2 protein chains.
Amino acid sequence: MADTKAPDSTRRSERSRRAIYDAALSLVGETGYAKTTIEGIAARAGVGKQTIYRWWPSKAAVLLEAFIDLGNQAAEAAGAGAEGYEIPDTGDLAADLKLVLRATVDELVDPKYEAPTRALTAAGIVDPELCAEFVEKLLEPQLQLYVQRLRTAQEAGDVRAGIDPHIALELLVGPLAHRWLLRTRPLTHEYADAVVDYALGGLAPR
Amino acid sequence: MADTKAPDSTRRSERSRRAIYDAALSLVGETGYAKTTIEGIAARAGVGKQTIYRWWPSKAAVLLEAFIDLGNQAAEAAGAGAEGYEIPDTGDLAADLKLVLRATVDELVDPKYEAPTRALTAAGIVDPELCAEFVEKLLEPQLQLYVQRLRTAQEAGDVRAGIDPHIALELLVGPLAHRWLLRTRPLTHEYADAVVDYALGGLAPR
């Protein structure tokens, strides 16, 4: 009996978990972080709020995992596997960076992703504690991929030896974030390509 | 009689105007954009709310002018004159850009400036209309200074001919905005200098 029960309850948990993620993301996108509550998430997901409290200590914790899951889904859809995006190393640094920045553009303009990400970013801007938690658990692991790829490029002689990868990566992701946040101009693949070319080649004549 | 009355009322208006700006900025920094009201600003400034409505049609309009005034004050304090920052043209592009990005760092970490700017940015991220108004009236005029300086640099041969100044400027301001918004690492003059050097020289070896 225990043998047949375990897979059933696992499937049920998995369904509930996914329903809770979806509810949390759609709710935060619609009403903002401050107005999103565990009760609201539970009601929309069709589960009791005790189910949520059993798995997560806070709404920030639910949302954090929901965003990680969303990123993993996007990576799986892009054929990158469930571990999330990796920055490829084909030996062509410009091409590798363009691939990953184009994928970032696709994610940022995807409506499923955009509303909750804007809501969470808005909350993080004025809430240092929330911001620190999401930067540590969600953003830093992604930025580390840039650090690693840029270090490999340094070893291959494609990036200057004195460059600090932590600053270099901000010349790549900073312009995308700036344009997305402030909506100054369209966020496109062409823009992503130009950012990579300008950052690698520099603005000054060679 | 009219001769003596006009300057008095001008001085009085000027005092009220400054008190309203201060009240609007401090209030939005403390409670956020959504919870800031014309009534609240009036109460804190010690004026009637009709005084505010006589001069401005909305709280967004008050805040817009308050931010412009704050920028002008910072520029005056930096000895740049009441017209706001200009990007100098000494013929040394790197030095000129470092000067203006260092001043931007100073402004972004100034407590008087930081809380209201974070509150307004958070509101703009989830409110496209508000964002568009502030980008058009507050941000674009500043970005145009970069466009002009980069065009002059192109004419002088210090920036490659094919570079689009609107993209190039985002390699300068984007990294600063990214670090400020997400608090990933300290926002310092050294960082501003590195961003300028990396953007002009490029990450790839020369």
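As the structure is a prediction and not an experimental result, all values here were calculated from the model.

1. Here's the deal with the packing of aromatic side chains
So, point 1. In this structure the tally under the stated criterion is six aromatic pairs over all chains.
So, point 2. When the centroid spacing of 6.4 Å and the interplanar angle of 90 degrees are considered together, the rings of Phe67 of chain A and Phe134 of chain A count as edge-to-face. Here Phe67 of chain A is found in helix 4 (residues 59–77), whereas its partner Phe134 of chain A is found in helix 7 (residues 128–155), with 67 residues between them in sequence.
So, point 3. Classification of Phe67 of chain A by relative accessible area gives buried; the value is 5%.
So, point 4. Members of the aromatic cluster, each reached through a chain of ring pairs, are Tyr21, Trp55 and Trp56 of chain A.
So, point 5. It is Lys59 of chain B that lies over the ring of Tyr33 of chain B; its NZ or CZ is 4.2 Å from the centre.

2. Overview of the environment of Ala78 of chain A
All names here are of chain A.
So, point 1. Inspection of the secondary structure puts Ala78 in the loop between helix 4 and helix 5 (93–109).
So, point 2. The exposure class assigned to Ala78 is exposed, which follows from its relative accessible area of 53%.
So, point 3. Sequence-wise, Ala78 and Lys137 are 59 residues apart; in three dimensions their C-alpha atoms are separated by 22 Å.

3. Concerning the nonpolar core
So, point 1. Residues Ile52, Phe134 and Tyr146 of chain A together with Ile52, Phe134 and Tyr146 of chain B are the most contacted members of the largest nonpolar core, which totals 139 residues.
So, point 2. With near-sequence residues (within four places) excluded, Tyr146 of chain A lies in contact with Ile87, Leu97, Val100, Leu101, Thr104, Leu169, Leu172 and Val173 of chain A.

4. Quick word on the domain arrangement of chain A
Residues and elements named next belong to chain A.
So, point 1. Domain assignment breaks chain A into domain 1 (9–62) and domain 2 (85–203).
So, point 2. Its C-alpha centre places domain 1 at a distance of 29 Å from the equivalent point of domain 2.
So, point 3. On the domain 2 side, the residues contacting the six residues of domain 1 number eight residues.
So, point 4. The junction of domain 1 with domain 2 conceals about 530 Å² of combined surface from both sides, 78% of it contributed by carbon and sulfur atoms.

5. Considerations on the interface of chain B and chain A
So, point 1. At the interface, 50 residues of chain B touch 49 residues of chain A.
So, point 2. Both sides of the chain B and chain A interface together cover about 4500 Å² of buried area, and 65% of this is carbon and sulfur.
So, point 3. The largest share of the area that chain B buries against chain A comes from Ile125, Tyr198 and Leu203 of chain B, three residues that together contribute 17% of it.
So, point 4. For the pair chain B and chain A, the number of links is two salt bridges.
So, point 5. In this structure, the salt-bridge partner of Arg179 of chain A is Glu170 of chain B, at a minimum N-O distance of 2.6 Å.
So, point 6. Taken together, the links from chain B to chain A amount to 32 residue pairs in polar contact (both at pLDDT 80 or more).

6. Considerations on the relation of the copies chain B and chain A
So, point 1. Take chain B, turn it by 180 degrees, move it 0.0 Å along the axis, and it overlays chain A with an RMSD of 0.0 Å. Here the transformation between the copies is reduced to the relation of a two-fold axis. Closest approach to the rotation axis within chain B is made by the C-alpha atom of Gly202 of chain B, at a distance of 1.7 Å.
So, point 2. Both copies share a contact surface, since 98% of the interface residues of chain B are interface residues in chain A too.

Conventions we followed
- Residues numbered from 1 in each chain as written.
- Chains lettered and ligands numbered in written order.
- Predicted model: local features only at pLDDT ≥ 70, side-chain atom pairs only at ≥ 80, totals over all residues.
- Heavy atoms only, no water.
- Phe/Tyr/Trp six-rings, centres within 6.5 Å; stacked < 30°, edge-to-face > 60°.
- Helix = DSSP H or I, 4+ residues; strand = E, 2+ residues; numbered from the N terminus.
- Buried < 20%, exposed > 50% of the residue type's maximum accessible area, 1.4 Å probe, protein only.
- Lys NZ or Arg CZ within 6 Å of the ring centre and 35° of its normal.
- Core = buried A, V, L, I, M, F, W, Y, C linked by side-chain atoms within 4.5 Å.
- Contact = heavy atoms within 4.5 Å.
- Domains from an automatic or database assignment.
- Buried area = accessible area lost by both parts, 1.4 Å probe.
- Salt bridge = Lys/Arg side-chain N within 4 Å of Asp/Glu carboxyl O.
- Polar contact = N/O pair within 3.5 Å; in protein donor to acceptor, adjacent residues only side chain to side chain.
- Least-squares fit on C-alpha atoms with pLDDT ≥ 70 in both.

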